[in-house]
Amino acid sequence: MKPVVDFERFKPDIRYAYDLKPVLHQPDALKDNFPAYFMYRDAYLTREDWEKIKKAGLRYDYTITPPAVIGDEYIKTYGHYHPRAGKLSFPEVYQVIEGRALFIIQKRGDDDNHIEDVVAVEVDEGEVIVVPPEYGHVMVNRTDKRLVTSNWVCRNFSSIYEPYTNLRGACYYLTRSGWVRNGNYASAPELRFAKPDQVLDVSGDMYDLVNEIEALEFLVNPDEYEDMFKKALVFD
């Protein structure tokens with residue numbers, strides 16, 4: 001699948017391997033620094049599109065994650081939560097443009113230390129995943145090829161990274177030997193597995209939703225779309 005936007009004309013923010021040390025399963029195994037992934041934020045095809053995206057309170061990004069393993073753990077993004085928009089926190093929607101992604105999404109209980117729900121979601125090329133409100137997420141590239149994803153998100157907030165930093169990552173790590181529970185959490189349930197349900201009407205590149213931007217209003221006003229989020233994942 002070829003992206004609609006030539007995102008490489010935008011300057012990326014680069015997350016280096018050393019930046020990931022606080023959330024790695026085996027931080028001492030990291031000997032050499034290298035670019036772990038590239039984030040092309042606020043991408044657009046035309047100036048008219050950009051104005052439309054901004055007016056809707058949205059942002060369109062790309063992330064490139066080359067294949068890598070640190071110790072026995074597959075390369076991943078740092079992980080973060082979103083703040084509340086109202087009753088619910090802001091959701092996010094991703095599409096895999098190239099490769100295959102594994103999302104680890106987790107919902108906090110009474111505090112950061114206690115996880116109420118954790119789900120692993122494998123997303124194939126062309127598929128779209130809505131990360132529901134209240135869930136933090138990590139994206140993993142477990143393949144030997146680069147992973148390219150795009151995402152739509154509300155532009156009017158800052159992500160929350162501290163819980164992942166304080167607890168050394170998500171409540172599970174994905175390694176070449178399988179899943180490993182992160183013992184820094186006081187409690188976490190058994191991992192559940194799901195596939196994304198295509199709750200958005202996307203037949204090609206998700207960027208084309210710029211032409212029906214109202215379909216993305218759930219990213220800005222999630223309290224009005226609770227029923228949609230309940231259908232976002234299909235469990236095994």
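Residues numbered from 1 in each chain as written. Predicted model: local features only at pLDDT ≥ 70, side-chain atom pairs only at ≥ 80, totals over all residues. Heavy atoms only, no water.

Named according to an unreviewed UniProt entry, the protein chain is glucose-6-phosphate isomerase originating from Geoglobus acetivorans. If you open the UniProt record of the protein chain and go to Pathway (unreviewed entry), you find "Carbohydrate degradation; glycolysis; D-glyceraldehyde 3-phosphate and glycerone phosphate from D-glucose: step 2/4." (UniProt positions renumbered as here; feature names shortened; annotations may be inferred.)

## Focus on the sheet that holds strand S3 (residues 58–65)
Read from one edge of the open sheet, six strands run S1-S2-S3-S11-S6-S9, paired in antiparallel fashion. Each having just a single partner strand, strand S1 (13–16) and strand S9 (128–131) make up the two edges of the open sheet. Recorded for the sheet is a direction-independent mean angle of 25 degrees between the axes of neighbouring strands. Summarising the sheet, S1 and strand S2 (residues 35–40) pair through four bridges and their orientation is antiparallel. The residue bridging Asp13 from the neighbouring strand is Met39, located in S2. (Pairing = 2+ DSSP bridges. Helix = DSSP H or I, 4+ residues; strand = E, 2+ residues; numbered from the N terminus. Axes fitted to C-alpha atoms, helices over the stretch in contact; angles between N-to-C directions.)

## Considering the nonpolar core
By size, the foremost hydrophobic cluster in this structure holds 47 residues, and its most contacted members are Val93, Phe103, Val121, Trp152, Leu216 and Phe218. One finds Val23, Ala68, Ile70 and Ile115 within the second-largest nonpolar core, a separate group that totals 30 residues. (Core = buried A, V, L, I, M, F, W, Y, C linked by side-chain atoms within 4.5 Å. Buried < 20%, exposed > 50% of the residue type's maximum accessible area, 1.4 Å probe, protein only.)

## Structural notes on helix H1 (residues 47–55)
Looking only at H1, the buried set comprises Asp49, Trp50 and Ile53. Take H1 and look down its axis: the buried residues cluster within an arc of 100 degrees, on one side only. In H1, the exposed residues that point more than 90 degrees away from the buried face are Arg47, Glu48 and Lys55. In this structure, the buried side of H1 is in contact with S3 and strand S11 (147–154). (Arc of directions from axis to C-beta. Contact = heavy atoms within 4.5 Å.)

## Topic: the pattern of salt bridges
The full count for this structure, using the stated rule, is 17 salt bridges. A salt bridge links Glu116 to Lys107, with the nearest nitrogen and oxygen atoms 3.5 Å apart. On the accessibility criterion, Lys107 (25% relative accessible area) is partly exposed. Between Arg108 and Asp112 there is a salt bridge, and its shortest N-O distance comes to 2.8 Å. (Salt bridge = Lys/Arg side-chain N within 4 Å of Asp/Glu carboxyl O.)

## Quick word on the UniProt feature "domain: Glucose-6-phosphate isomerase prokaryote" (unreviewed entry) in the protein chain
On the UniProt side, "domain: Glucose-6-phosphate isomerase prokaryote" (unreviewed entry) is annotated at positions that read residues 15–187 here. Segment residues 15–187 splits into 8% helix and 40% strand. End C-alpha atoms: 29 Å apart.

## A closer look at the pairing of strand S12 (residues 172–175)
Taken residue by residue, a regular strand's side chains alternate between the two faces of the sheet. Of the two faces of S12, both are covered, the one formed by Tyr172 and Leu174 as well as the one formed by Tyr173 and Thr175. Sheet analysis places S12 next to strand S13 (residues 178–181), joined by four bridges and oriented antiparallel. Pairing of Leu174 across the sheet is with Trp179, part of S13. Where S12 hands over to S13, the hairpin turn is made up of two residues, counted between the paired strands.

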